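Chain by chain, the residues run as shown.
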Amino acid sequence: MITFSGKPVSAGIGFGKVWIYDKGGMAVKRRHIADAEEEIKRYEQARALATAELESLYYKATREIGEAEAQIFSIHKMMLEDIDYNESVENIIAKQMINAETAVLQTAETFSKMFSEMEDAYMQARAADVVDISDRIIRILSGEATQNIGDGEKNLIIFAEDLAPSETLQMDKTKITAFVTSRGSSASHTAILARSLSIPAVIGLHREIGKELDGKPAVVDGYTGVVYVEPTREVIEELTEKKRKKDMQKELLAELKSKPTETLDGRKIRLYANIGSSGDLGAAVLNDAEGIGLFRSEFLYLESKDFPSEDVQFEAYKTVAEGMGDKLVIIRTMDIGADKKIDYFGLPEEENPAMGMRAIRICLDRRDIFKTQLRAILRASAFGNVAIMLPMIVSRDEIIRAKEVISEAKEELLAANIPFSQEISLGIMIETPAAVMISDILAKEVDFFSIGTNDLSQYMLACDRQNEKVAEFIDPHHEAILRSIEMVIENGHKAGIWVGICGEMGADEMLIPRFLKMGIDEFSVAPSQVLTVRKVVRKSRS
Ligand code: PEP
Ligand code: MG
C-alpha cells in the first residue's frame, strides 16, 4: 500500500482505480512557415473553434453546476477576444515566420508571467486562465483530441498534476469517484467544482504522481486528505464503514433541506454559515444556509501579497452578496493580528500577540486601510443584504470611532454618486470578557451581537487558543462561558437587538438546547454543520 497525504477540499470517500490524466501530446514544435497570412488564418479558425467549445462548456456548466460556477467559461471566451493577446500571436507569426502553435505558446508565457506578477489577486488568478485558453487553441491547432475517458471505464480516481476547470468539466463525471492532484489550492476552481459536484477531492500532494500507479486500485478519503493506492483489506473495511455512516448521515440531513429552523414550540432561529471566501459560497448554499453570519474577510488579506485594493475587495463581497440574493451577509471587518500575521502590515513583533495589536485596534490605528475596506463593503451593499460586523470590541468608544469612519466612507460614496445601502446594519462580535460585562451599554450602539466563543473562551479562561499545551483547559462547557453567553443574550434582548453565536460552540449538539433555552436568536456555523444544527434545533424547545 502507498499512502499520499494532501489537503482535503471536497468531502466524501471514493473507491476506484487510478486513472492518470496526462496532458502529454501538447509538446509544441517550433516550425518555420512560408505564408504568414495563411498561418494567421489557421489561427483565427482555431480561435473560432475554441470560442464555440467554450460556449458549449458554459451551457454544460450552467446545467450541471449553476450559473455562478459557469462564469469561468465566459471569462475564458472574453479572454479569447482580447485584442492584445491576439495581436501578440499574429505579430509573432508575421515577424518570426513561425507556426501558430509556437506563437500561442510564447504569448501564453508572456501573458501568464505578466498576470502572475500583478499585485491584484484577481489578476494573478488570470495567469492560469491564459494558460488554459492557450492550451485549448494549441490542442485544436495540432489536431489533438482531449484525453477522453474510454467507454467501458468506470469508478475512476483521476490523478493529475493539476486540473484546469475546463478539463474537469469536460470529463464524464458519472465515471469519476474522486480527484487527486499534486498541485492546486483549495480556492482553485477545480476544488470548487469538485465540491459543487460532491466528488471527493484531495489536492496539493506535493509529490510526483508516477505513471506506474495507473490502473491500480485506490481509495480517497476526502475528509482527512489521505489517499491509499493498493489499500490493505483493513483500510478498505475501515473506509467502507466510514463511507456507509457518512452517507447515511448525509441522507438524513438532506431531508432537512428547505425545512424551517424552528424549535418544537415554534420559535424561528436564524441559521447562517461562516465563510472565509467567496469560494465557500457554494457549500453554504448547498447546505441551505439562511444567510452568512460571518464572512472572515481577513482571508482576502492573507491570500494577497499586498493590501487588497478597494475594487478587489468589492468584487469578493459583491459575489457573496449577489450569490445570497436577499439573504443577510454579515461581513466582519478584518481580524488581522494574533495568529493571523501579515508581513505587509509591518506590525512589530509582540511578546503576546493574542493580547496585542489585533482586529479593530489595527483598524482604528490605520484608518486608511479600514476605510478602504468599509468603502468596499458599503459598495457591495448595493447588490444584496449586507451588514458590517466589528471584531474584538472591548469598549463603547471603539464602536463610536468605527462609526465615524463608516460615516466618512458613506459621505465619500455619496459625493461620488456611488450606490450603497444607507440602512446597512452594524453589529459587533462579543469575544472579550470586557464586551460581555458592558454588553448592556454596547447593545445600545448596534443592531446585533454575535458571540465569538473561540476568542471568548481563550480570554475568559486565560488559555491561548494557539497553544496546544493548554487546549485541555479550554472547556466550552465552563460555567463562566455559559453564564457570559446568557448575560449577553439578556442584555441584547433588553435593548431590542438579536444575539447569535458564530464561534465553534454554536455547532455543539450538546449545548444547542441550552443556548435555545437562554433565548439565542441565531447560529452561524461551518457550512457542513448547518443541517446538523437545524436537526438539533427542530428537536429542541426554547
Ligand atoms: C470567534 O472568535 O469565536 C470567531 C468566530 O472568530 P475567529 O475564530 O475568526 O477569531
Ligand atoms: Mg474571534
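For the structure given in this document, a descriptive report is provided here. All chains use their own residue numbering, which begins from 1 and follows the written sequence. Each chain is given a letter, starting from A, and each ligand a number, starting from 1, according to the order in which they appear as written. Given that the model is predicted, a residue must reach a pLDDT of at least 70 before its local features are reported, and side-chain atom pairs must reach 80 or more before they are shown or counted; all residues, however, enter totals for whole chains, interfaces and linings. Neither water nor hydrogens contribute to the side-chain values; these are computed over all heavy atoms in the structure.

A look at the state of the cysteines
The cut-off we apply is this: The term disulfide is used for any two cysteine sulfur atoms that are within 2.5 Å. Accessible area is worked out with a 1.4 Å probe on protein chains only. A residue is then buried under 20% of its type maximum, exposed over 50%, and partly exposed in between.
Applying the stated criterion across every chain, the model contains 0 disulfides. Of the cysteine sulfurs around cysteine 363, a residue in no disulfide, the closest is that of cysteine 502, at 16 Å. Residue cysteine 363 is classed as buried on the basis of its relative accessible area of 0%. The thiol of cysteine 463 is not disulfide-bonded; the next cysteine sulfur, from cysteine 502, is found 20 Å away. A residue is classified by how much of its surface remains accessible, and cysteine 463, at 5% relative accessible area, is buried.

Regarding the environment of lysine 371
What counts is decided by this rule: For the purposes of this entry, the term helix denotes a DSSP run of H or I that reaches at least four residues, the term strand denotes a run of E that reaches at least two, and both are numbered from the N terminus. Only heavy atoms matter for contacts: two residues are in contact if any of them lie within 4.5 Å across the pair.
Tracing the backbone shows lysine 371 in helix α13 (residues 367–380). Overall, the relative accessible area of 17% leaves lysine 371 in the buried class. A sequence separation of 10 residues divides lysine 371 from arginine 361, and the C-alpha atoms of the two residues are 14 Å apart. Look past the residues within four positions of lysine 371 in its chain and what remains in contact with it is Val405, Glu408, Ala409 and Glu412.

Points about the sheet that holds strand β14 (residues 448–451)
Strand pairing in a sheet is mediated by backbone hydrogen bonds. Such pairs are either parallel or antiparallel. Short version of the rule: Strands were regarded as paired on the criterion that DSSP finds at least two bridges between them. Only the stretch in contact is used when fitting a helix axis, every axis being a line fitted to C-alpha atoms; angles between N-to-C directions are given from 0 to 180 degrees.
Overall, parallel pairing links the 8 strands, which are arranged β9-β10-β11-β12-β13-β14-β15-β16 in a closed barrel. Adjacent strand axes in the sheet meet at a mean angle of 25° when their direction is disregarded. As paired elements, strand β9 (residues 270–275) and strand β16 (residues 522–525) share 4 bridges and run parallel to each other. Residue pairing for β16: leucine 271 is matched across the bridge by phenylalanine 523. Set on the sheet, α13 makes contact with β11 (328–332) and β12 (385–390); between it and β12 the angle comes to about 155°.

Read these as spatial facts, not as claims about activity.
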